[in-house]
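# Coordinate analysis (summary)
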Amino acid sequence: MVAPLKAEKTKILVIGSGGMLGKDLYQELAGNYRVAGADIRLSSSGDEFIELDITDEEAAVRRLTGARPDVIVHLAAWTDVDGCENDHAKATAINVSGTAHVARAAVALNVPLIYVSTDFVFDGRKKTLYREDDRPHPINFYGMTKLAGEQEVLKTRNFVILRTSWLYGTNGKNFVDTVIGKAQEKKRLEIVDDQAGSPTYTKDAAKAIHAIIAHLPATGGKIYHVSNKGVVSWYEYCRQIMRYAGMDDVEVVPISSDTLNRPARRPAFSGLDVGRLEKEADITMRPWTEALKEYIHERKTVR
């Protein structure tokens, strides 16, 4: 039987520590573990940092194994959905090959690898919340590369795969900030109403990852869905953002996603069932409305 991790002795390496989720996760874990950050360029996250290009196999494996972490959390990815559709080579290099290189290092170190994936591994045809054992069937190249990344991680046998959705937070570009910014410039917003999913606050996702780490190895070798609870369309999501931001005078108009003529198709429905996460990691994910309200309040306070 593998003994549980001892927090005070455990070193966690967060790859993608300079990103929106990465920064929140670093802060979430720092009070309980030794945390090191890794990213493509210098990050301000903490004292221990590795400059890392995951697409360079030999250098990446050498630097990761040299850091000697007890757990690796792999967040780095190219998440530009339309960009991935237009540049398959770059998307594959980062999301597939890069993940394979990280997985190789985890195997060499014999440590758990926690990999953050996406709701876009699903095709959106289901009408009820997606469970972890539902068959993935991505409809865009971004989703294909993230699913291929999952398959690389599965080879390690000492893994946790986390699928999350519609992330927003204080440390990166996101839908909430974008629509508030646009609403300050004009009083009419056109938002698609034929795509629905589960918005996820990065601070809540970070807490969920913390809970999973705290319950290793019991949570190892598993796939979990991580999001705030509930499902909403982009249109209704935008309307709620306007309400919480005190911008009720802004007109939000529903439109079809076809009118945007984007390179990549999006799933019509990608709501996630978080029941397995809550049961096995002993955490309760709050409703998306509650998390959003807190984020907008904090956003107003900080800015």
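Residues numbered from 1 in each chain as written. Predicted model: local features only at pLDDT ≥ 70, side-chain atom pairs only at ≥ 80, totals over all residues. Heavy atoms only, no water.

On to the pattern of salt bridges, then. Side chains that differ in sign of charge can pair as their charged atoms come close. Going through the model one piece at a time under the given rule, you end up with 21 salt bridges. With a closest N to O distance of 2.7 Å, Arg-266 and Asp-82 form a salt bridge. Separated by 184 residues along the polypeptide, Arg-266 in the loop between strand E13 (251–255) and helix H9 (275–281) and Asp-82 in helix H3 (residues 81–86) bring together distant segments of the chain. Salt-bridge contacts for Arg-299 lead to Asp-177; the nearest nitrogen and oxygen are separated by 2.7 Å. Of the two residues, Arg-299 is situated in helix H10 (residues 288–302) and Asp-177 in helix H6 (residues 175–185); the sequence distance between them amounts to 122 residues. Overlapping salt bridges, with partners in common, bring together Asp-204, Arg-286, Glu-290 and Glu-294 in one network. (Salt bridge = Lys/Arg side-chain N within 4 Å of Asp/Glu carboxyl O. Helix = DSSP H or I, 4+ residues; strand = E, 2+ residues; numbered from the N terminus.)

What follows is about the sheet that holds strand E6 (residues 159–164). Strand order across the open sheet formed by seven strands is E3-E2-E1-E4-E5-E6-E11, with parallel pairing between neighbours. Each end of this open sheet is capped by a strand with a single partner; those strands are strand E3 (49–51) and strand E11 (222–226). Going from strand to strand, the sheet's axes swing by 20° on average, the running direction of each strand aside. Judged from the six bridges that link them, strand E5 (residues 113–118) and E6 form a sheet pairing that is parallel. The partner of Leu-113 across the bridge, within E6, is Phe-159. (Pairing = 2+ DSSP bridges. Axes fitted to C-alpha atoms, helices over the stretch in contact; angles between N-to-C directions.)

Take Glu-150: it is sitting in helix H5 (residues 141–154). Not counting the four nearest positions on each side in its chain, Glu-150 is found in contact with Tyr-115, Ser-117, Val-121, Ile-161 and Arg-163. (Contact = heavy atoms within 4.5 Å.)

A few words now on the side chain of Ser-117. Position of Ser-117 relative to the elements: it lies in strand E5. For Ser-117, a relative accessible area of 4% translates into the label buried. A polar contact of 2.7 Å, which involves the side chain of Ser-117, links it to the side chain of Glu-150. Once residues within four sequence positions are removed from consideration, Ser-117 is found in contact with Lys-146, Glu-150, Ile-161, Leu-162, Arg-163 and Thr-164. (Buried < 20%, exposed > 50% of the residue type's maximum accessible area, 1.4 Å probe, protein only. Polar contact = N/O pair within 3.5 Å; in protein donor to acceptor, adjacent residues only side chain to side chain.)

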